[in-house]
Amino acid sequence: MTGLKRGSVKLLPHQEEWNKNAENVILKLKQLLGYAAVDVQHVGSTAIAAIYAKPIIDIVIGLRDLNDISPYMKRLEEHDFVFRGEDVAGQMLFVMGDFEKDTRTHHIHAVKWNGTEWNNYINFRDYLNCHPDQAMQYDACKKKLALQFPDDRRSYTEGKQEFIECLLKEAYVWRQRQEI
């Protein structure tokens, strides 16, 4: 299953279909954006095999400059990638889904390739896939918050933030050691 009503929180066990779905969307984005996209990758909890996740596929597009996507906005919209603005400083958000049912299936984050946001997405995913104990701690945190805030995604997301920041610091140190 892919998709969740906007604002709600429901976690599901990892599903292989998420990876296949992400691969298809990544291929489509690469075709639409051509050389403007340095790289496009599946990130977020649906890209971490050991944990539960909201059934919304997160994808990150790495651009040399955020403005590089501007000439492609109309083309993206024509292919069901709806621009939602700069949801976080330094990131442009596109969504996919069934808008009549207020359901989201994909969050696509356009960021500067190899910038802080790009590295955070990639490091977080890779670190948790390589460190099952930390992944399970993150999973437990998410499950607790999902029970507490099933209809309040903002509070759910804010509740995870401190733990995510700690994991990002660990992931950064881990990545630095990988590159030595």
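Every chain is numbered independently, its residues counted from 1 as its sequence is written. A pLDDT threshold of at least 70 governs which residues receive local features in this predicted model, and a stricter bar of 80 or more applies before side-chain atom pairs are shown or counted, although totals over entire chains, interfaces and linings include all residues. To obtain the side-chain values, all non-hydrogen atoms of the structure were used and water was disregarded.

(A) Layout of the nonpolar core. Residues Leu29, Ile61, Ile69 and Phe81 are the most contacted members of the largest nonpolar core, which totals 24 residues. For the purposes of this entry, the term helix denotes a DSSP run of H or I that reaches at least four residues, the term strand denotes a run of E that reaches at least two, and both are numbered from the N terminus. Counting only elements with at least two residues in this core, the list comes to helix 1 (16-33), strand 2 (37-43), strand 3 (57-63), strand 5 (91-98) and strand 6 (103-112). Top contributing element to this core by residue count: helix 1, with seven residues. Any two residues whose heavy atoms approach within 4.5 Å at even a single point are treated as in contact. If we ignore the near neighbours within four places in the chain, the residues touching Ile69 are Leu33, Ile61, Leu63, Leu76, Met92, Phe94 and Ala110. As used here, the term nonpolar core means buried Ala, Val, Leu, Ile, Met, Phe, Trp, Tyr and Cys residues forming a set that is joined through side-chain atoms within 4.5 Å. In this scheme, a residue with accessible area under 20% of its type's maximum is buried, one over 50% is exposed, and one in between is partly exposed, where area comes from a 1.4 Å probe on protein chains only.

(B) Looking closely at the layout of surface pockets. Considered as a void within the structure, the largest pocket measures approximately 1600 Å³ in volume. For the lining of the largest pocket, the element with the highest residue contribution is helix 5 (residues 153-178), accounting for 13 residues. A per-class count over the lining of the largest pocket returns 15 nonpolar, 15 polar and 15 charged. Think of a 1 Å grid over the protein atoms and nothing else: a 1.4 Å probe that fits but is trapped marks a cavity, an open set flanked by protein within 12 Å on at least five of seven lines marks a pocket, and residues with an atom within 4 Å of a point count as lining. Grid points are joined across faces, edges and corners, and a volume is the space filled by probe spheres set on the points. Any residue outside Ala, Val, Leu, Ile, Met, Phe, Trp, Tyr, Cys, Pro, Asp, Glu, Lys and Arg is labelled polar, Gly included; the first ten of those are nonpolar and the last four are charged.

(C) View of helix 1. One fewer than the residue count of a helix, multiplied by 1.5 Å, yields its expected span. Under the 1.5 Å per step criterion, the end-to-end length of helix 1 is 26 Å for 18 residues, consistent within 8% with the ideal 26 Å. For helix 1, the full list of buried residues reads Trp18, Asn19, Ala22, Val25, Ile26, Leu29, Leu32 and Leu33. Considered in projection along helix 1, the buried side chains sweep an arc of 145 degrees and stay on one side of the axis. Of the exposed residues in helix 1, the ones pointing more than 90 degrees away from its buried face are Glu23, Asn24 and Gln31. Directly after helix 1, the chain includes Gly34, whose backbone phi takes a positive value near 55 degrees. Relevant arc is that of directions from the helix axis to the C-beta atoms, nothing else.

(D) A look at the pairing of strand 5. Burial of strand 5 is extensive: six of the eight residues sit out of reach of the surface. Two strands form a pair only when DSSP identifies at least two bridges running between them. The pairing of strand 4 (residues 82-88) with strand 5 spans four bridges and is antiparallel. Bridge pairing in strand 5 links Phe83 to Phe94. Counted along the chain from strand 4 to the antiparallel partner strand 5, the turn is two residues long, and its residue Gly90 has a positive phi close to 85 degrees. Bridge count between strand 5 and strand 6: seven bridges; the pairing is antiparallel. The residue bridging Asp98 from the neighbouring strand is Thr103, located in strand 6. Adjacent in sequence and paired antiparallel, strand 5 and strand 6 are bridged by four residues, among which Asp102 carries a positive phi angle near 55 degrees.

(E) Representation of the environment of Thr116 in the model. Here Thr116 is to be found in helix 3 (residues 116-130). The exposed category is assigned to Thr116, whose relative accessible area is 55%. Residues Thr116 and Gly90 lie 26 residues apart in sequence; the distance between their C-alpha atoms is 9.3 Å.

(F) Just the packing of helix 3 against helix 5, in detail. To get an axis, fit a line to the C-alpha atoms, keeping to the stretch in contact for a helix; angles then go from 0 to 180 degrees between the N-to-C directions. Two elements in contact, helix 3 and helix 5, have axes separated by 9 Å at closest approach and are oriented at 85 degrees. When the axis of helix 3 is compared with that of helix 5, the two are roughly perpendicular. Taken together, the residues of helix 5 that come into contact with helix 3 (itself represented by Asn120, Ile122, Asn123, Phe124, Asp126, Tyr127, Leu128 and Cys130) are Ile164, Leu167, Leu168, Glu170, Ala171, Tyr172, Trp174 and Arg175. Relative orientations are named as follows: roughly parallel for angles under 35 degrees, roughly antiparallel for angles over 145 degrees, roughly perpendicular for angles from 65 to 115 degrees, and oblique for any other angle.

(G) View of the pattern of salt bridges. Criterion for a salt bridge: a side-chain nitrogen of Lys or Arg within 4 Å of a carboxyl oxygen of Asp or Glu. Under the criterion given, the structure shown has seven salt bridges. Ionic pairing is found between Glu78 and Lys74, a salt bridge with its closest N-O pair at 3.0 Å. Remark: Lys74 and Glu78 occur in helix 2 (residues 73-78); sequence separation between them is four residues, near one turn of the helix. For Lys74, a relative accessible area of 62% gives the class exposed. Measuring nitrogen to oxygen at the nearest pair gives 2.8 Å for the salt bridge that ties Arg125 to Asp126. Judged by its relative accessible area of 12%, Arg125 is buried. The class for Asp126 is buried, based on a relative accessible area of 18%. One connected set of salt bridges, linked through shared partners, spans Lys5, Arg6, Asp102 and Arg104.

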